[in-house]
Amino acid sequence: MNYIDGTFVHANDGQTLENYNPATGKVVASIPRSQSADVAQAAAAAKKAQPAWNALSLKERAAWLDKIADALQEKHEAIAQAETMDTGKPISLSRRVDASRSVDNFRFFAEFGRLQKPMMFEMDDAVNHVHRNGLGVVGLITPWNLPLYLLSWKVAPALLMGNAIVAKPSELTPLTANILAETLDELQVPKGVFNLVHGLGPEVGQAILEDQRITGISFTGGTATGRIVAATAAPLFKKLSLELGGKNATIVLEDADMDQAVNGAVRAAFTNSGQVCLCGSRILVHASIASTFLAAFVAEVKSMTIGNPVESSSQIGTLISMDHLEKVESYIDLAVEEGGTILTGGTRAMTGAIGPNPDGAYLSPTVISGLSHLSRCATEEIFGPVVTVHTFETLEQATVMANATEYGLAGSIWTADLEKGQALATTIETGIVWINTWLHRDLRTPFGGVKNSGVGREGGQWSLEFFSETTNVCVMNPK
Ligand code: TXE
């Protein structure tokens, strides 16, 4: 159901969309296929509710975030189960990452809000006071790979800074957004402050982009969609945050701790079946250690348990959909055409505790070598359990190879020489680099990409700045 002005409602015209479990191919829910009329109602409700919400103090809104965190914590298992049913990701991952981080996002921004100090700039003869207010109504558009994790990453700072929200989750993964709406409803968050409108990107998403009452858009999704978002929203002078795709390099230097590097590279490549924008989908390894590294890497990949996502033992579940599976497979075919060698994987893995399920979008983790670092498979975002491996001789070559894509989101460097690692990190065109780790997050730090990976940063102060407008009041000292 949509959640508009504090009420759960169907789409105005009653249309629906079916929502599938990618592990079984079965329909698990039906959601509204909303249109611009539904968005208009949500935007109107948000616009009405926003001034009173904005009038609360930062501390009062932070207290709301704490309540939301507490309530979501109680639903931790329900959230994990819903996320696994919607995405096909292993339940252990949904528990450890999706459900936990959704709670943490609210908890973090509550605490971070309380730490904010009044901003003042003194002059010889005057004092400037910087006031921050919410932007107004913000549109939050989120993808399917980390549904509640990414939605809550936007909802929490947006609420904290005094905004009212019109949110649209991916049509492929609507379930946990509903849990969030139910939670806010149970807590009696003022009506209209949070509105949820389900439906398709070109219909609901587009209407959010175009609605004049919505003054800021925070979008996470594919780069191609990001281009449409920017083209629609920029001429309307909406504030825009774009978190887009990635084609991140895992760079293994000759002095790396081999076990640590192999383990890290496997995690970076195959977490959530490679469907994380931060995934290390290209491994650049120093030629002198390439054969040792590759042997250990392939052995570890082969040992991963592919299975029914609801089983705690499964390390790899399904991809998001059969359509996406076919897209990823087309890249594997292309890799072979481009001269690559498949070292492991590349096949549908119809396994799991429930027995082979040809309707499940299972694909075994795939490692490809022998491709040019400029090949399509090594430069385009595949967003699946596919990693290409390339070798380099010098750090300069590693930099050139790492930078040879249109993307610039993240990367990791594995080395025993932290100074060398840090120097190399500064040569990579990217928003985030990890050294001897991957996806190790401090929520205060800036998160986002350069080049076609996006515009702007999220996290800590960056999120607060995005979701607010400042007014500088300059007060002349009395004579
Ligand atoms: O994402 P979309 P898709 C990448 C990945 C994947 C590709 C496409 O490579 O294969 O993007 O995935 C909404 N106006 N990433 O098709 O379409 C849509 O309904 C407004 C990387 O699922 O970008 C959904 O809510 N909104 C990424 C959201 O945009 C529109 C995570 C994202 O969907 C819209 C997911 C429109 N015209 C995919 N069209 C990451 N960076 O993590 C669609 N949407």
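The structure displayed is predicted, hence computed values, not measured ones.

Reading the values: rules and limits
Residues numbered from 1 in each chain as written. Predicted model: local features only at pLDDT ≥ 70, side-chain atom pairs only at ≥ 80, totals over all residues. Heavy atoms only, no water. Helix = DSSP H or I, 4+ residues; strand = E, 2+ residues; numbered from the N terminus. Rg over C-alpha atoms; globule rule 2.2 N^0.38 Å. Buried < 20%, exposed > 50% of the residue type's maximum accessible area, 1.4 Å probe, protein only. Contact = heavy atoms within 4.5 Å. Lys, Arg positive; Asp, Glu negative; His and termini not counted. Charge placed at Lys NZ, Arg CZ, Asp CG, Glu CD. Near = heavy atom within 4 Å. Polar contact = N/O pair within 3.5 Å; in protein donor to acceptor, adjacent residues only side chain to side chain. Areas by Shrake-Rupley, 256 points an atom, 1.4 Å probe, with all protein chains shown as cover. Nonpolar A, V, L, I, M, F, W, Y, C, P; charged D, E, K, R; others polar. Domains from an automatic or database assignment. Pairing = 2+ DSSP bridges. Axes fitted to C-alpha atoms, helices over the stretch in contact; angles between N-to-C directions. Disulfide = S-S within 2.5 Å.

Hey, could you go over the overall build of the protein chain for me, with residue numbers and the actual values?
Helix and strand content of the protein chain: 15 helices and 22 strands. The C-alpha radius of gyration computed for the protein chain amounts to 23 Å, which stays within 12% of the reference 23 Å derived for 479 residues, consistent with globular compactness. Dimensions of the protein chain along its principal axes, counting C-alpha atoms only, are 75 × 60 × 40 Å. Taking all 479 residues of the protein chain together, 57% fall into the buried category. At a minimum sequence separation of 6, the contacts of the protein chain that also span at least 24 residues come to 74%. Between the mean site of the 36 positive side-chain charges and the mean site of the 50 negative ones, the protein chain shows a separation of 5 Å.

Now, about the site of the ligand: what can you tell me, with residues and values included?
Not every one of the 28 residues close to the ligand is listed here, only the nearest: T142, W144, E171, T225 and E381. Note that a nitrogen atom of the ligand is positioned 3.3 Å from one of the backbone N or O atoms of G221. In isolation the ligand offers 810 Å² of accessible surface; the protein chains occlude 87% of this area. Elements supplying a minimum of two residues to the shell around the ligand: α7 (201-210), β10 (214-220), α8 (223-233) and α11 (322-337). A per-element tally of the shell around the ligand places α7 first, with five residues. A class-by-class count of the residues in the shell around the ligand yields eleven nonpolar, twelve polar and five charged. Residue-level mapping places the shell around the ligand at the junction of two domains, with at least three residues from each of domain 1 (2-244 + 453-475) and domain 2 (249-442).

Kindly report on the sheet that holds strand β13 (residues 282-286), identifying the contributing residues and their values.
A sheet is described by the order of its strands in space; here seven strands give the open sequence β14-β15-β16-β13-β12-β18-β19, paired in mixed fashion. Both edges of this open sheet fall to β14 (341-344) and β19 (434-435), since each of them pairs with a single strand only. Strand direction decides the pairing type here: strand β12 (residues 249-252) and β13, joined by four bridges, are parallel. Following the sheet pairing, A249 is matched in β13 by R282. The strands touched by helix α10 (residues 290-302) within the sheet are β12, β13, β14, β15 (366-369) and β16 (386-392), with β14 carrying the most contacts at an inclination of about 60°.

Could you give me a rundown of the state of the cysteines, with the residues and numbers involved?
Under the defined criterion, the tally for this structure stands at zero disulfides. With no disulfide of its own, C277 lies 8.3 Å from the sulfur of C279, the closest cysteine sulfur.

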